[in-house]
Amino acid sequence: MAKIAPALQLTPAEIETVMAHEARLRIATIGPGDSINLTPMTFGWASGRVYIFGRGQKIANLRRNSTATVLVDTGEAWRELLGIVMRGEAAVLENEDAEDADPHLREAQRNLGIKHGLEKDGQPIPYTASAAGKSRRWIVFTPHSAVTWDNAKLPSD
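Residues numbered from 1 in each chain as written. Predicted model: local features only at pLDDT ≥ 70, side-chain atom pairs only at ≥ 80, totals over all residues. Heavy atoms only, no water.

(A) Molecular detail of helix α2 (residues 57-64). Restricting attention to buried positions, one finds in α2 the residues Lys58, Ile59, Asn61 and Leu62. Projected down its long axis, α2 shows its buried positions confined to an angular sector of 165 degrees, all on one face. Those residues of α2 that are buried are in contact with β1 (24-30), β2 (36-42), β4 (49-54), β5 (67-74), β6 (82-93) and β9 (137-150). (Buried < 20%, exposed > 50% of the residue type's maximum accessible area, 1.4 Å probe, protein only. Helix = DSSP H or I, 4+ residues; strand = E, 2+ residues; numbered from the N terminus. Arc of directions from axis to C-beta. Contact = heavy atoms within 4.5 Å.)

Rendered as structure tokens:
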């Protein structure tokens, strides 16, 4: 991946803000053979990790190969484009015991509930989905590297 000029990169605080507030990302997993499965998903953010409740091909792919890439991007016009690409490893929480053992899942569920506007009696509530069936599972993505950019930081012409 191309190097991004340091002046255009996001600071750690900016990354935290984007990840805590943006609701959508794209996750790329390695499918059967060498195919890539790219899927838009909603996500929770907690302690530098991405939490996705998903099903189907993503889960099957990650059970075979934990390598994944996520992209969070915002903006429409060129000067508004902002992005975070993270490469890392994803684990599938296979059952409620694994969910209970994860130290950050509850925080991510609260974050996801806020992003979805979930409320009860005017108070935010967590997104509390849990492992079900053959493939409905929580995915925990731990980034190993990130590339970020914010085109709003480009010099004016």
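So that's the structure; there's more coming.
(B) Focus on the side chain of Asp102. Among the structural elements, Asp102 can be located in the loop between α3 (96-101) and α4 (105-115). One buried charged residue, Asp102, forms no salt bridge at all, with the nearest opposite charge on Arg49 at 6.2 Å. A distance of 2.8 Å separates a polar atom in the side chain of Asp102 from the backbone nitrogen of Leu105. Contact partners of Asp102, with chain neighbours within four places excluded, come to Tyr51, Leu93 and Val140. (Lys, Arg positive; Asp, Glu negative; His and termini not counted. Salt bridge = Lys/Arg side-chain N within 4 Å of Asp/Glu carboxyl O. Polar contact = N/O pair within 3.5 Å; in protein donor to acceptor, adjacent residues only side chain to side chain.)

(C) Representation of the environment of Glu94 in the model. Here Glu94 lies in the loop between β6 and α3. Residues Glu94 and Pro126 lie 32 residues apart in sequence; the distance between their C-alpha atoms is 20 Å. Beyond its immediate chain neighbours, meaning those up to four positions away, Glu94 contacts Arg63, Ala131 and Arg137. One polar contact links Glu94 to Arg63, side chain to side chain, over a distance of 2.8 Å.

(D) Seen up close, the environment of Thr67. Along the polypeptide, Thr67 turns up in strand β5. For the pair Thr67 and Ser47, spaced 20 residues apart in sequence, the C-alpha separation works out to 20 Å. Setting aside chain neighbours within four positions, we find Thr67 in contact with Ala28, Thr29, Ile30, Leu62, Gly88 and Glu89.

(E) Region of interest: the sheet that holds β5. Here seven strands make up an open sheet; going across it, the order is β2-β1-β5-β6-β9-β4-β3 and the pairing antiparallel. Looking at the sheet topology across the chains shown, the edges are occupied by β2 and β3 (44-46). Neighbouring strand axes in the sheet, compared pairwise and without regard to direction, differ in orientation by 30 degrees on average. Running at roughly 65 degrees to β6, helix α1 (residues 12-21) makes contact with β3, β4, β5, β6 and β9 of the sheet. Taken strand by strand, α4 contacts β2, β3, β4, β6 and β9, and its axis lies near 140 degrees from that of β3. (Pairing = 2+ DSSP bridges. Axes fitted to C-alpha atoms, helices over the stretch in contact; angles between N-to-C directions.)

(F) Spatial organisation of α1. Ile15, Val18 and Met19 are the residues of α1 that are buried. Relative to the axis of α1, the buried residues are bounded by an arc of 95 degrees and lie together on one face. What points out from α1, more than 90 degrees from its buried face, is the exposed set Ala13 and His21. Residues of α1 that are buried in the fold lie against β3, β4, β5, β6, α4 and β9.

(G) Local environment of the pattern of salt bridges. Using the criterion set out here, one finds five salt bridges in the structure. For Asp73, the salt bridge is made with Arg26, and the minimal N-O distance between the two is 2.5 Å. Linking Asp73 in strand β5 with Arg26 in strand β1, this pair joins segments that are 47 residues apart in sequence.

(H) Summary view of the packing of aromatic side chains. Under the criterion given, the structure shown has three aromatic pairs. Ring centres 6.1 Å apart and planes at 80 degrees place the aromatic pair Tyr127 and Trp138 in the edge-to-face group. Placement of the pair is Tyr127 in the loop between β8 (123-124) and β9 and Trp138 in strand β9, with a sequence separation of 11 residues. You can call Tyr127 partly exposed: its relative accessible area is 26%. Taken together, the ring pairs connect Phe53, Tyr127 and Trp138 into an aromatic cluster. In this arrangement the basic side chain of Lys115 is found over the ring face of Phe43, its NZ or CZ atom lying 3.5 Å from the centre. (Phe/Tyr/Trp six-rings, centres within 6.5 Å; stacked < 30°, edge-to-face > 60°. Lys NZ or Arg CZ within 6 Å of the ring centre and 35° of its normal.)

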